[in-house]
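# Structure assessment
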Amino acid sequence: MKKHLLFLGPPGAGKGTQAAILSEANAYLHLSTGELLRQEIDSHTLLGKQVKGIINKGELVSDQLVLEIVKKNLNKENKGWILDGYPRNLSQVNSLNDVLIKLNQPLEIVFYLDIPEEVLIKRLLMRGRKDDNEETIKTRLEIYKKTTEPLIEYYKNLSLLQYINADGDLKNISTDIKQKMA
Ligand code: ADP
């Protein structure tokens, strides 16, 4: 079974939900950069104060900052992990490659959660997180298309990509993912 996984897809595709189910079932580490950043904001740390405005506008936090977070949280013990929300651009891909080479833990599979844009917008507005208003959603989708979507092609060329239809029942999607990672 694959141990080093990445979830790719637009905001609202269900990456966090599916990564949580899978990490719990396998005792893998679930590394969500968005979640870790939100924790920093809630704990009123210096880092949290630095990123709060950026996140609430729907923009990307600096590559340097997220890299520090990833390095700090990626396990040195050899337990499986699921990356969720990182990398988000090609520069982050390169940094991640360096980190993983050093750890000798190569990425084994990338799940691309695909979903129509209308469904995404509805889901995000229903979720109602602080950065889930119409204006911010628009910004996040634009950034996703411009900077994150090219990563699909990148991982496809490395033969790491697995396509998941993420518009459907949560359990069916989860079953599909489990079958593909076996
Ligand atoms: P979503 O996928 O719904 O946008 P996330 O929890 O993944 O939610 O991310 C929330 C916010 O956190 C992003 O809009 C961005 O501001 C910041 N963020 C998360 N991951 C990264 C990253 N890898 N690089 C830069 N910013 C990030």
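Further up the page is the structure itself.
Quick summary incoming for the structure in this document.

What counts as what
- Residues numbered from 1 in each chain as written.
- Predicted model: local features only at pLDDT ≥ 70, side-chain atom pairs only at ≥ 80, totals over all residues.
- Heavy atoms only, no water.
- Pairing = 2+ DSSP bridges.
- Helix = DSSP H or I, 4+ residues; strand = E, 2+ residues; numbered from the N terminus.
- Axes fitted to C-alpha atoms, helices over the stretch in contact; angles between N-to-C directions.
- Contact = heavy atoms within 4.5 Å.
- Core = buried A, V, L, I, M, F, W, Y, C linked by side-chain atoms within 4.5 Å.
- Buried < 20%, exposed > 50% of the residue type's maximum accessible area, 1.4 Å probe, protein only.
- Phe/Tyr/Trp six-rings, centres within 6.5 Å; stacked < 30°, edge-to-face > 60°.

### Some details on the sheet that holds strand β5 (residues 161-165)
The strand order across the open sheet formed by five strands is β2-β3-β1-β4-β5, and the pairing between neighbours is parallel. Two strands bound the open sheet, and with one partner strand each, they are β2 (29-32) and β5. Each neighbouring strand pair of the sheet contributes to a mean axis angle of 20°, computed without reference to strand direction. Of the strand pairs in this sheet, strand β1 (residues 4-8) and strand β3 (residues 81-84) are connected by four bridges, and their pairing is parallel. Across the sheet, residue Phe-7 finds its bridge partner in β3, namely Asp-84. Where helix α8 (residues 150-157) meets the sheet, it contacts β1, β4 (109-114) and β5, and its direction lies at approximately 145° from that of β1.

### Some details on the nonpolar core
Counting residues in hydrophobic clusters, the biggest one holds 30 residues, and the most contacted among them are Leu-37, Val-51, Leu-74, Leu-83, Leu-107, Val-110 and Tyr-155. The set of elements that each furnish at least two residues to this core consists of β1, α2 (33-42), α3 (46-57), α4 (63-73), β3, α5 (90-103), β4 and α8. Setting aside residues no more than four positions away along its own chain, Leu-37 makes contact with Val-51, Ile-55, Val-61, Val-66 and Ile-69. Counting residues in hydrophobic clusters, the runner-up holds 20 residues, among them Phe-111, Ile-137, Ile-164 and Ile-173.

### What about the packing of aromatic side chains?
Under the definition given, this model contains three aromatic pairs. On the basis of an interplanar angle of 70° and a centroid distance of 5.9 Å, the ring pair of Tyr-112 and Tyr-163 is categorised as edge-to-face. A residue pair is termed long-range when its members are at least 10 positions apart, and Tyr-112 in strand β4 and Tyr-163 in strand β5 qualify at 51 residues. For Tyr-163, a relative accessible area of 44% translates into the label partly exposed.

### Digging into the pairing of β3
The alternating pattern of β3 places Trp-81 and Leu-83 on one face and Ile-82 and Asp-84 on the opposite face, and all of these are buried. By the bridge criterion, four bridges tie β2 to β3 in an arrangement that is parallel. Of the residues in β3, the one forming a bridge with His-30 is Ile-82.

The values are spatial; any link to function lies outside them.
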